[in-house]
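Understanding the architecture of this molecule
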Amino acid sequence: MENQIKNKDIVGIDSSISLIKKYIVDVNTDDLISVLEALKADAKNEELLLSLRSALDDLGPYQGAVLNYAPYVIILLSNDILDNRELM
């Protein structure tokens, strides 16, 4: 089962990278692409997920375009939020 999840992550991340490269050309997305490439090896790595959040934040108004064309980024970030939430 763990292998299936990892394969799904890789497919989703690869798709995101391709769509970002194809459709978001008005802004430098190199940092975002680099983090996504690293996440293919370890999609649950907390440091990389924080770097993903930071790279996305750095895009300013282009964040919406990334989330529109590469919605798997939302899944990666929402998994991070859910996995790291503190119980009250």
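The rules behind the values
Residues numbered from 1 in each chain as written. Predicted model: local features only at pLDDT ≥ 70, side-chain atom pairs only at ≥ 80, totals over all residues. Heavy atoms only, no water. Helix = DSSP H or I, 4+ residues; strand = E, 2+ residues; numbered from the N terminus. Expected span 1.5 Å × (residues − 1). Buried < 20%, exposed > 50% of the residue type's maximum accessible area, 1.4 Å probe, protein only. Arc of directions from axis to C-beta. Core = buried A, V, L, I, M, F, W, Y, C linked by side-chain atoms within 4.5 Å. Contact = heavy atoms within 4.5 Å. Polar contact = N/O pair within 3.5 Å; in protein donor to acceptor, adjacent residues only side chain to side chain. pLDDT = per-residue confidence, 0-100.

1. A closer look at helix α2 (residues 30-41)
Across its 12 residues, α2 extends 18 Å between first and last C-alpha, which sits within 8% of the 16 Å expected from 1.5 Å per residue. For α2, the complete set of buried residues consists of Leu32, Ile33, Val35, Leu36 and Leu39. The arc enclosing the buried residues of α2, seen along the axis, measures out at 165°, which places them on a common side. For α2, exposure combined with an orientation more than 90 degrees from the buried face picks out Asp30, Asp31 and Ala41.

2. Description of the environment of Leu59
The residue Leu59 is located in the loop between α3 (46-57) and α4 (63-69) in this model. Along the sequence, Leu59 and Leu32 sit 27 residues apart, while their C-alpha atoms lie 8.9 Å from each other.

3. Some points on the nonpolar core
If you look at the biggest cluster of nonpolar residues, it comprises 22 residues, and the most contacted ones within it are Leu36, Leu39, Leu52 and Leu76. Looking at this core, the elements with two or more residues in it are α1 (2-23), α2, α3 and α5 (72-83). The residues touching Leu36, leaving out its near neighbours within four places in the chain, are Ile13, Ile17, Ile20, Leu52, Val73 and Leu76.

4. Section: the environment of Ile17
When you line up the elements, Ile17 lands in helix α1. Taking the C-alpha atoms as reference, Ile17 lies 8.0 Å from Glu37; in sequence the two are 20 residues apart.

5. A closer look at α3
Under the 1.5 Å per step criterion, the end-to-end length of α3 is 16 Å for 12 residues, consistent within 8% with the ideal 16 Å. For α3, every residue scored as buried is listed here: Leu48, Leu49, Leu52, Ala55 and Leu56. For α3, the angular spread of the buried residues around the axis is 120°, confining them to a single face. Facing away from the buried side of α3 by over 90 degrees, the exposed positions are Glu47 and Leu50. A distance of 2.9 Å separates the backbone nitrogen of Glu47 from a side-chain oxygen at the start of α3, and that oxygen is part of Asn45.

6. Some words on the confidence of the model for the protein
This prediction gives the protein a mean pLDDT of 85; 82% of its residues lie at or above 70. With pLDDT under 50 throughout, residues 80-88 is counted as low confidence; its partners more than four residues away or in other chains account for five contacts.

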